[in-house]
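# Coordinate inspection notes
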Amino acid sequence: MYSWVLWFHIISMVSWFAVLFYLPRLFVYHVENGTNQGFIDVVEIMEMKIYKYIGVPAFWATLLSGTALIILSTQHYNGVNVFQMGGWMHAKLTLVAILTAYFFSLGHYRLKLKENTAYKSGKFFRMYNEIPTLLLMGIVALVVVKPF
């Protein structure tokens, strides 16, 4: 059972990260083409669909399958709870909490852009787009290497 939940968790996480990587790029296009209303109308629909129909379900699937993995870990690791294996899981969950806040900030910026009240530049969203990459590198390093 653990392996199947792990499989689902990885698939969910990949889907969630697709949104985390692509949505801020759409924000760049949105901001930099603000005078082209036809383009903005299309981008706003894309932003909404990616966030609501892919991002939110993928977020919940990742969160719930990750929670299930933590619960199943005692059985999988012969009675040892994953939190007893070192501090790497605590660090990973901290990064996941930051990533979750980042995800919901994308929802916030999506609404601000739709209302035309987001005063961020394309450069800001380009830089903002790098945050999930850094968090992904840290999360994967913690899971694979378990440095502490």
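Residues numbered from 1 in each chain as written. Predicted model: local features only at pLDDT ≥ 70, side-chain atom pairs only at ≥ 80, totals over all residues. Heavy atoms only, no water.

### Brief notes about the layout of surface pockets
Of the volumes computed, that of the largest pocket is approximately 660 Å³. Together, 30 residues line the largest pocket, and His9, Gly66, Leu69, Lys92 and Val143 are the ones closest to its centre. If you list the elements that add at least two residues to the lining of the largest pocket, you get helix H1 (2–32), helix H2 (37–76), helix H3 (88–114) and helix H5 (131–145). Per-element tally for the lining of the largest pocket: the top contributor is H2, with nine residues. (1 Å grid on protein atoms, 1.4 Å probe; cavity = no way out; pocket = protein on both sides within 12 Å on 5 of 7 lines; lining within 4 Å. Points joined across faces, edges and corners; volume = space filled by probe spheres on them. Helix = DSSP H or I, 4+ residues; strand = E, 2+ residues; numbered from the N terminus.)

### So, the side chain of Ser12
As for its placement among the helices and strands, Ser12 is situated in helix H1. Residue Ser12 is classed as buried on the basis of its relative accessible area, which comes to 5%. Those residues within four positions of Ser12 in sequence are excluded, and the remaining contacts are Ala58, Ala61 and Thr62. (Buried < 20%, exposed > 50% of the residue type's maximum accessible area, 1.4 Å probe, protein only. Contact = heavy atoms within 4.5 Å.)

### Some points on H2
The periodicity of an α-helix, 3.6 residues per turn, causes residues three or four places apart in sequence to face the same way. Here H2 spans 54 Å end to end across 40 residues, near enough to the 58 Å set by a 1.5 Å rise per residue. Asn78, located one to two residues past H2, shows a positive phi value of around 55°. (Expected span 1.5 Å × (residues − 1).)

### A closer look at the packing of aromatic side chains
As enumerated under the stated definition, the model contains 17 aromatic pairs in all. Each ring, one from Tyr109 and one from Phe124, has its centre 5.7 Å from the other, and the planes form 70°; the classification is edge-to-face. With Tyr109 in helix H3 and Phe124 in helix H4 (residues 122–128), this pair connects stretches of sequence that are 15 residues apart. Of the residues examined, Phe124 reaches a relative accessible area of 25% and is grouped as partly exposed. Ring centres 5.4 Å apart and planes at 90° place the aromatic pair Tyr109 and Phe125 in the edge-to-face group. Of the two residues, Tyr109 is situated in helix H3 and Phe125 in helix H4; the sequence distance between them amounts to 16 residues. Every member of this aromatic cluster is reached through a ring pair, and the members are Trp16, Phe17, Phe21, Tyr51, Phe59, Trp60, Phe103 and Phe104. The aromatic ring of Phe124 is capped on one face by Lys120, whose charged end is 4.7 Å from the ring centroid. The cationic tip of Lys146 hangs over the ring face of Trp88; the distance from NZ or CZ to the ring centre is 4.7 Å. (Phe/Tyr/Trp six-rings, centres within 6.5 Å; stacked < 30°, edge-to-face > 60°. Lys NZ or Arg CZ within 6 Å of the ring centre and 35° of its normal.)

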